[in-house]
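Report on the structure
Next come the chains, spelled out residue by residue.
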Amino acid sequence: MKKIVHIGLIIAILALATISFADSFTLIEKSATGAAASQVLIKPLKDWTCQVTTSKVADNATVALEGSVTGEYFGKMVKYDLTASDLSEKTAFFSVTGIPVKYVRGNLLNNPDNATIKMSCIGTE
């Protein structure tokens, strides 16, 4: 019985250790289109989940999560067009996996209603 409890505790500790390696970033919080400043990561992260919120119900908006290995050139890891449902609810989620980068930034590609768009992402190893 004690072995089962010990194994359960070890599994719980490992799960918490994995969660602790997740890093969260606010990559955009603006209404003007264009790329935000990049953030240098302590270690390369490859799996990302992002939440995008908007300050008001808008007609459309498009964001991109961009990454770089060197910090000099950035490529789109994922481009996300907010759906009508996303915009009516003022929030959306999207994910990308398997693209390790050392630098990351958000890019507000389209925002015709000038809503304040906030994109917060969490990255994991």
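In this report, the structure presented in the accompanying data block is examined. (Residues numbered from 1 in each chain as written. Predicted model: local features only at pLDDT ≥ 70, side-chain atom pairs only at ≥ 80, totals over all residues. Heavy atoms only, no water.)

1. Points about the nonpolar core
Side chains that are nonpolar tend, in soluble globular proteins, to be buried together. Selection criterion: Here, the term nonpolar core denotes a set of buried Ala, Val, Leu, Ile, Met, Phe, Trp, Tyr and Cys residues that are joined through side-chain atoms within 4.5 Å. In this scheme, a residue with accessible area under 20% of its type's maximum is buried, one over 50% is exposed, and one in between is partly exposed, where area comes from a 1.4 Å probe on protein chains only. Runs of E in the DSSP output that reach at least two residues are strands. Runs of H or I that reach at least four are helices, and both are numbered from the N terminus. By definition in these notes, contact holds between two residues if any of their heavy atoms fall within 4.5 Å.
By size, the foremost hydrophobic cluster in this structure holds 27 residues, and its most contacted members are Trp48, Val63, Leu65, Leu82, Phe94 and Met119. Of all elements in the fold, only strand S1 (23-30), strand S3 (39-45), strand S4 (47-54), strand S5 (62-68), strand S6 (75-81), strand S7 (91-96), strand S8 (101-110) and strand S9 (117-124) reach the threshold of two or more residues within this core. Excluding residues within four positions of it along the chain, valine 63 makes contact with Ile28, Val52, Val78, Lys79, Tyr80, Leu82, Phe94, Asn107, Leu108, Leu109, Ile117 and Met119.

2. With respect to the packing of aromatic side chains
To keep things clear, this is the line we draw: Any Phe, Tyr or Trp ring, taking Trp's six-membered ring, that has another such ring centre within 6.5 Å forms a pair; planes under 30 degrees apart are called stacked, those over 60 apart edge-to-face, and the others tilted. The rule for a charge over a ring is simple: NZ of Lys or CZ of Arg within 6 Å of the ring centre, and within 35 degrees of the ring normal.
The tally for this structure, following the rule as stated, stands at two aromatic pairs. Between the aromatic rings of phenylalanine 25 and tryptophan 48, the centroid separation amounts to 6.0 Å while the plane-to-plane angle is 45°, which identifies the pairing as tilted. Remark: tryptophan 48 occurs in strand S4 and phenylalanine 25 occurs in strand S1; sequence separation between them is 23 residues. Exposure class is identical for phenylalanine 25 and tryptophan 48. Each is buried. One cation-aromatic arrangement involves arginine 105 over phenylalanine 74; the distance from NZ or CZ to the ring centre is 4.2 Å.

3. Regarding the pattern of salt bridges
Using the following cut-off: One speaks of a salt bridge when a side-chain nitrogen belonging to Lys or Arg is within 4 Å of a carboxyl oxygen belonging to Asp or Glu.
Enumeration according to the criterion identifies three salt bridges in this entry. When the shortest N-O distance is used, the salt bridge between lysine 76 and glutamate 66 registers 3.6 Å. Within this pair, whereas lysine 76 is found in strand S6, its partner glutamate 66 is found in strand S5, the two being separated by ten residues in sequence. Residue glutamate 66 is joined to arginine 105 by a salt bridge in which the shortest nitrogen-to-oxygen separation is 2.6 Å. Taken together, the residues glutamate 66 in strand S5 and arginine 105 in strand S8 connect sequence positions 39 residues apart. A relative accessible area of 3% means that glutamate 66 is categorised as buried. Within the structure, one salt-bridge network assembled from shared partners comprises Glu66, Lys76 and Arg105.

4. As for the environment of tyrosine 80
Test applied: Under this definition, polar contacts are N or O atom pairs within 3.5 Å; protein pairs additionally need one hydrogen-donor-capable and one acceptor-capable atom, and for neighbouring residues in sequence, both atoms have to be side-chain atoms.
In this structure, tyrosine 80 sits in strand S6. Classification of tyrosine 80 as buried rests on a relative accessible area of 18%. In sequence terms tyrosine 80 and threonine 62 are 18 residues apart; their C-alpha atoms lie 5.7 Å from each other. Not counting the four nearest positions on each side in its chain, tyrosine 80 is found in contact with Ala61, Thr62, Val63, Asp86, Ala92, Phe93 and Phe94. Only 2.6 Å separates the side chain of tyrosine 80 from the side chain of aspartate 86, close enough to count as a polar contact.

5. Topic: the pairing of S7
Quick reminder of the rule: A pair of strands is considered paired only if DSSP assigns at least 2 bridges between the two.
Only one face of S7 is buried, namely the one carrying Ala92, Phe94 and Val96, since none of Thr91, Phe93 and Ser95 on the opposite face is buried. Of the pairings in the sheet, the one linking S4 to S7 comprises six bridges and is antiparallel in character. By the bridge assignment, cysteine 50 is partnered in S7 with phenylalanine 94.

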